[in-house]
Amino acid sequence: MIKIDRLRFGTAGIPISTPRPSTINGIMQVKNLGLDAMELEFVRGVNLKPEMARKIGRVARENDVILTAHAPYYINLNAREREKVEASKRRIIQSAERLYEAGGWSVVFHAGYYLKQDPQRVYERIRNEIKDIIRSLMDEGIEIWIRPELTGKPTQFGDLKELIKMSQDVEMVLPAIDFAHAHARKGGKCNSIEEWREMLSLMEEGLGEEALKNMHIHMSGIEYTAKGEKNHLNLRESDMRWKDLLHVLKEFKVRGVLISESPNIEGDAVLMKKTYEKIEV
C-alpha cells in the first residue's frame, strides 16, 4: 500500500480550467494549480484501457499527484437481484484494477441501500460481498484501499459506525469519509468542532492511529432536506463550517487525500489547501 506523506488536496475529476480536457492534461493542471491529488471519475462506467492507465500513472508520478478513483454510481451490493449484485462487484473490481495499473491509492464507492431491510442483515450481506471483492483482487495481486463511503441519505448503507465495523471485519478496507454527506445524513448536524472530533476519535479508537494517516476524504458544500442529501454546493454558498473542519483535521494530524466535490472543483480545492496551510495548532 502507498504511504501518504501529508494531507493532500485534489479534485473530483479533471479540473474545469484544464486546456484540452483529458485525464493526463487534468493531472498536469492539478499540478499547475498547486494541488497534489486527483480522483478518476468512473461514475458512468470504467472505460479506461490498461495501457492508458499505465501512461496516466507515469504522468501522475512525474507530477507528484496521488490518484484515487470513484467507482460507478450504479452499485448496490444489497440488490434483490443477484445479477445486479454481481454487476456491482465487477464495477468495483474493474475500478480497482484500472487504478492499480495507474499506480493509484484508494477506490471509493457507495455500497448499497437498506431497501427497508434489517440494518444488521444488510451489513452482513454487504460485508460478505466486499470480502468476495477483496479475495478477487488479492488473487490478482492487487493491493489497494477499498473504501465504502459515508453516504448522504439515511436510506443508504454507510453510517460511520457501520464503516468502522466493516474496516475491522475485512482487510484492505477503510472508510471514505464524506463530511458533507455526514452533515446531510444527520439533517444538519455533524457541523461542529466537537462532532468532528468525535468522528475522528471513533475512527482512531476503532481502527488505530493508522486510519487517520490513511484518510480518503470528500468535501463540498451541500444542500439537504429531511431525507438527506439533495445536491452539492460550493463551500461559500453552503452552511458547512469548513474552516473549522480543516482545523480539526490539522489538530488530529490527518494524512491522506481530501477531494473537492464542489461544483467549482478546483476553486474549492485550492481554497481549502491555502486555508489549511495557514492554520496553526
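The following refers to the structure shown.

Analysis parameters
Residues numbered from 1 in each chain as written. Predicted model: local features only at pLDDT ≥ 70, side-chain atom pairs only at ≥ 80, totals over all residues. Heavy atoms only, no water. Helix = DSSP H or I, 4+ residues; strand = E, 2+ residues; numbered from the N terminus. Rg over C-alpha atoms; globule rule 2.2 N^0.38 Å. Buried < 20%, exposed > 50% of the residue type's maximum accessible area, 1.4 Å probe, protein only. Contact = heavy atoms within 4.5 Å. Areas by Shrake-Rupley, 256 points an atom, 1.4 Å probe, with all protein chains shown as cover. Lys, Arg positive; Asp, Glu negative; His and termini not counted. Charge placed at Lys NZ, Arg CZ, Asp CG, Glu CD. Polar contact = N/O pair within 3.5 Å; in protein donor to acceptor, adjacent residues only side chain to side chain. Expected span 1.5 Å × (residues − 1). Arc of directions from axis to C-beta. Phe/Tyr/Trp six-rings, centres within 6.5 Å; stacked < 30°, edge-to-face > 60°. Pairing = 2+ DSSP bridges. Axes fitted to C-alpha atoms, helices over the stretch in contact; angles between N-to-C directions.

1. So, the overall build of the protein
Reasoning step 1: On a plain count of helices and strands, the protein comes out with 10 helices and 10 strands.
Reasoning step 2: Against the 2.2 N^0.38 benchmark of 19 Å for 281 residues, the protein shows a C-alpha radius of gyration of 18 Å, consistent with a compact globule.
Reasoning step 3: Reported as C-alpha extents along the three principal axes, the dimensions of the protein are approximately 45 × 45 × 35 Å.
Reasoning step 4: Here the protein, with 281 residues, has 57% of them falling under the buried criterion.
Reasoning step 5: For the protein, contacts bridging at least 24 residues in sequence account for 78% of all contacts bridging at least 6.
Reasoning step 6: Counting only carbon and sulfur atoms, one obtains 48% of the accessible surface of the protein, whose full area is about 12500 Å².
Reasoning step 7: Separation of charge centres in the protein, based on 44 positive and 43 negative side chains, amounts to 2 Å.

2. A look at the side chain of Ser167
Reasoning step 1: Inspection of the secondary structure puts Ser167 in helix H5 (residues 160-169).
Reasoning step 2: By relative accessible area, which is 9% here, Ser167 ends up buried.
Reasoning step 3: Within the structure, Ser167 has its side chain in polar contact with the backbone oxygen of Leu163 (distance 2.8 Å).
Reasoning step 4: Every residue in contact with Ser167, bar those within four places of it in the chain, is listed here: Val173, Leu174, Pro175 and Leu207.

3. Some points on helix H2 (residues 50-62)
Reasoning step 1: Taking 1.5 Å of rise per residue, the 13 residues of H2 would be expected to cover 18 Å, and the 19 Å separating its terminal C-alpha atoms lies within 8% of that figure.
Reasoning step 2: Three or more residues of H2 are buried, namely Ala53, Ile56, Gly57, Val59 and Ala60. Seen end-on, H2 carries its buried residues on one side only, within an arc spanning 165°. Every exposed residue of H2 that faces more than 90 degrees away from the buried side is listed here: Glu51, Arg61 and Glu62.
Reasoning step 3: Of the surrounding secondary structure, the elements contacted by the buried residues of H2 are helix H1 (23-32), strand S3 (66-70) and helix H3 (82-101).
Reasoning step 4: Asp64, located one to two residues past H2, shows a positive phi value of around 55°.

4. A few points about the environment of Glu83
Reasoning step 1: Note on placement: Glu83 falls in helix H3.
Reasoning step 2: For Glu83, a relative accessible area of 58% corresponds to the exposed category.

5. Remarks on unusual backbone geometry
Reasoning step 1: Of note in the backbone geometry, Arg20 takes a positive phi value of approximately 45° without being a glycine.
Reasoning step 2: Within the secondary structure, Arg20 is located in the loop between strand S1 (7-12) and H1.
Reasoning step 3: Arg20 sits in the exposed class, given a relative accessible area of 68%.

6. Some remarks on the packing of aromatic side chains
Reasoning step 1: Summed over all chains, the structure comprises 3 aromatic pairs.
Reasoning step 2: Between Phe9 and Tyr276, the aromatic rings sit 5.4 Å apart at their centres with planes inclined by 55°, giving tilted as the arrangement. Here Phe9 is found in strand S1, whereas its partner Tyr276 is found in helix H10 (residues 265-278), with 267 residues between them in sequence.
Reasoning step 3: The buried category is assigned to Phe9, whose relative accessible area is 1%.

7. What to know about the environment of Ile265
Reasoning step 1: Position of Ile265 among the secondary structure elements: in helix H10.
Reasoning step 2: Taking C-alpha positions, Ile265 is 18 Å from Ala71, a pair spaced 194 residues apart along the chain.

8. Re the sheet that holds S3
Reasoning step 1: The 8 strands lie next to each other as S5-S4-S3-S2-S1-S10-S7-S6, forming an open sheet whose pairing is parallel. The open sheet has two edge strands with one neighbour each: strand S5 (145-148) and strand S6 (176-178). Going from strand to strand, the sheet's axes swing by 25° on average, the running direction of each strand aside.
Reasoning step 2: Taken together, the 5 bridges between strand S2 (residues 37-41) and S3 define a ladder with parallel strand orientation. Bridge assignment links Leu40 to a residue of S3, and that residue is Ala69.

9. Structural notes on the side chain of Thr11
Reasoning step 1: Along the chain, Thr11 falls in strand S1.
Reasoning step 2: Look at Thr11 and you get buried, because its relative accessible area is 0%.
Reasoning step 3: Polar contacts involving the side chain of Thr11 include one to the main-chain carbonyl oxygen of Gly13, which spans 2.7 Å.
Reasoning step 4: Beyond its immediate chain neighbours, meaning those up to four positions away, Thr11 contacts Val30, Leu35, Ala37, Met38, Glu39, Ile259, Ser260, Ile265, Glu266 and Ala269.

Purely geometric numbers; function is a separate question.
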